[in-house]
Amino acid sequence: MEKRFIYMDNAATTPVRREVLDAMLPYFTEKFGNPSSIYGISGETKKAIADAREIIAGTIGTAPENIYFTAGGSESDNWAVKATAEAYAEKGKHIITTKIEHHALLHTCEYLEKRGYEVTYLDVDENGLVDVEALERAIRPDTILISVMFANNEIGTIEPVAEIGRVAKEHGVLFHTDAVQAYTQVPIDVDAMNIDMLSVSGHKINGPKGIGFLYIRRGVKIRSFVHGGAQERHRRAGTENVPGIVGMARAAQLAVAEMEERTARETAVRDHLIERIEREIPYARLNGDRVKRLPNNVNFSFQFIEGESMLIMLDGKGVCASSGSACTSGSLDPSHVLLAIGLPHEIAHGSLRLTISGETTMEDADFVVDHLKEIVERLRSMSPLYEDFVKKQQK
């Protein structure tokens, strides 16, 4: 009997859609011209980039000239933070962020701390939400940037981005948000939300890897990130990744057009997964906000379980899942996000992240929970800690 394959790690990456691949293919072969050249086929690639920029700008409610193509979310985060720090150093060297950001942001802040900048890392509550009043209290005369992710990549909590944007604007501080997980999962309007910079990655939305963009509001004094050419209006040198740009734009176009219907399906499957796990697996804790949550995210911690063993056994059943961010999958340390929301190490180690897509069915969800129950029961049967816990409960 053929083993079933169920992919539930869409926060790590997604497959490229056929329509996206079809849009990209000509730019690998017959439409291969360098957009900076002056002959005919280069004009085609230059127009393709302009069209893609316009499509993407429309998805977040801005003008095309505010979209800058990058190699992905990590580069966009690095650019936003490092270039802002450099450009506004005369005003101050204080940055505000949170303890649950992606490592692309946290490690960039650590880099700047070693170079004389001061960073305030805000706490979050037990659901991963930032306290906007605490954020406002943290603002100082020398604060130059606030960077808070739109939605957390591990626990799915959606932050109060519009409120943060309002506070930042009132205090004259730039606001950057890492929207890698939120983009095309929730509506985004950079003007209405007072967002000055926003990072996105193509491979999270059924687009190709190695492409992303940084939105930079007009008037933001931000330095060039890659030097050596006039591409991206002199701010990011290097021959453009034309197939990637075309593919990301097509993926974004499809994802936004289908967003309402797709996220409704995802939410239904998500809630079914959560309801079954809470009802049928004891000593399981839902991580992240129950309501202010990405439509496709389910994250649980199971007591008396080691997360890696759980993932290996799920993989044996044909289920792809994770215990947190793909960028830290080689680490033995518990998730910094789960520790930040107050979980002790031993419970944080037993975490499972299931991130679904519009293609995930209720049958897929039931298959996963059915096998997850067996796996958790089996692993707990081998745990002396669980055995001691049960004995104490029975006294």
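About the cut-offs
Residues numbered from 1 in each chain as written. Predicted model: local features only at pLDDT ≥ 70, side-chain atom pairs only at ≥ 80, totals over all residues. Heavy atoms only, no water. Pairing = 2+ DSSP bridges. Helix = DSSP H or I, 4+ residues; strand = E, 2+ residues; numbered from the N terminus. Axes fitted to C-alpha atoms, helices over the stretch in contact; angles between N-to-C directions. Contact = heavy atoms within 4.5 Å. Patch = residues over 30% accessible without salt bridge, like charges linked within 9 Å, V, L, I, M, F, W, Y side chains within 5 Å. Areas by Shrake-Rupley, 256 points an atom, 1.4 Å probe, with all protein chains shown as cover. Salt bridge = Lys/Arg side-chain N within 4 Å of Asp/Glu carboxyl O. Lys, Arg positive; Asp, Glu negative; His and termini not counted. Charge placed at Lys NZ, Arg CZ, Asp CG, Glu CD. Buried < 20%, exposed > 50% of the residue type's maximum accessible area, 1.4 Å probe, protein only. Parallel < 35°, antiparallel > 145°, perpendicular 65-115°, else oblique. Left-handed = near helix turned anticlockwise from the far one by under 90°. Nonpolar A, V, L, I, M, F, W, Y, C, P; charged D, E, K, R; others polar. pLDDT = per-residue confidence, 0-100.

Concerning the sheet that holds strand 7 (residues 197-201)
And step 1. The seven strands lie next to each other as 2-8-7-6-5-3-4, forming an open sheet whose pairing is mixed. Looking along the sheet, the strands with just one partner apiece sit at the ends: strand 2 (67-70) and strand 4 (118-122). Shown here is a sheet whose adjacent strand axes are inclined to one another by a mean of 20°, direction ignored.
And step 2. Contacting strand 2, strand 3 (94-98), strand 5 (143-147), strand 6 (174-178), strand 7 and strand 8 (212-216), helix 3 (residues 73-87) crosses the sheet at an angle of about 160° to strand 7.

Some points on a negative patch on the surface
And step 1. A cluster of acidic residues, Asp 125, Glu 126, Asp 131, Glu 133 and Glu 136, forms a negative patch at the surface.
And step 2. Classification of Asp 131 as partly exposed rests on a relative accessible area of 40%.

Focus: the packing of helix 8 (residues 259-280) against helix 12 (residues 362-381)
The geometry of a pair of packed helices is captured by two quantities: the angle between their axes and the separation between those axes.
And step 1. With their axes 10 Å apart at the nearest point, helix 8 and helix 12 run at an angle of 25° to one another. Looking at the two axes, helix 8 sits roughly parallel to helix 12. Handedness of the crossing formed by helix 8 with helix 12: right-handed. Across the interface between the two elements, Ala 268, Val 269, His 272, Leu 273, Arg 276, Ile 277 and Glu 280 from helix 8 touch Met 362, Ala 365, Asp 366, Val 369, Asp 370, Leu 372 and Lys 373 from helix 12.
And step 2. Here the residues of the contact of helix 8 with helix 12 sort into eight nonpolar, one polar and five charged.

Description of a nonpolar patch on the surface
And step 1. Together, Phe 32, Ile 38, Tyr 39 and Ile 41 make up an exposed nonpolar region whose accessible area comes to about 490 Å².
And step 2. Within the secondary structure layout, Tyr 39 lies in the loop between helix 1 (18-24) and helix 2 (40-60).

Quick notes on the confidence of the model for the protein chain
And step 1. In this model, the protein chain carries an average pLDDT of 94, and 97% of its residues clear a pLDDT of 70 or more.
And step 2. Note on residues 325-329: pLDDT is under 50 here. Beyond four places in sequence and across chains, it has eight contacts.

Regarding unusual backbone geometry
And step 1. Of note, Asn 206 is a non-glycine position whose phi angle comes to about 70°, a positive value.
And step 2. Looking at the element boundaries, Asn 206 is found in the loop between strand 7 and strand 8.
And step 3. For Arg 233, which is not a glycine, the phi torsion comes out positive at approximately 55°.
And step 4. Along the chain, the position of Arg 233 falls in the loop between strand 8 and helix 7 (242-257).

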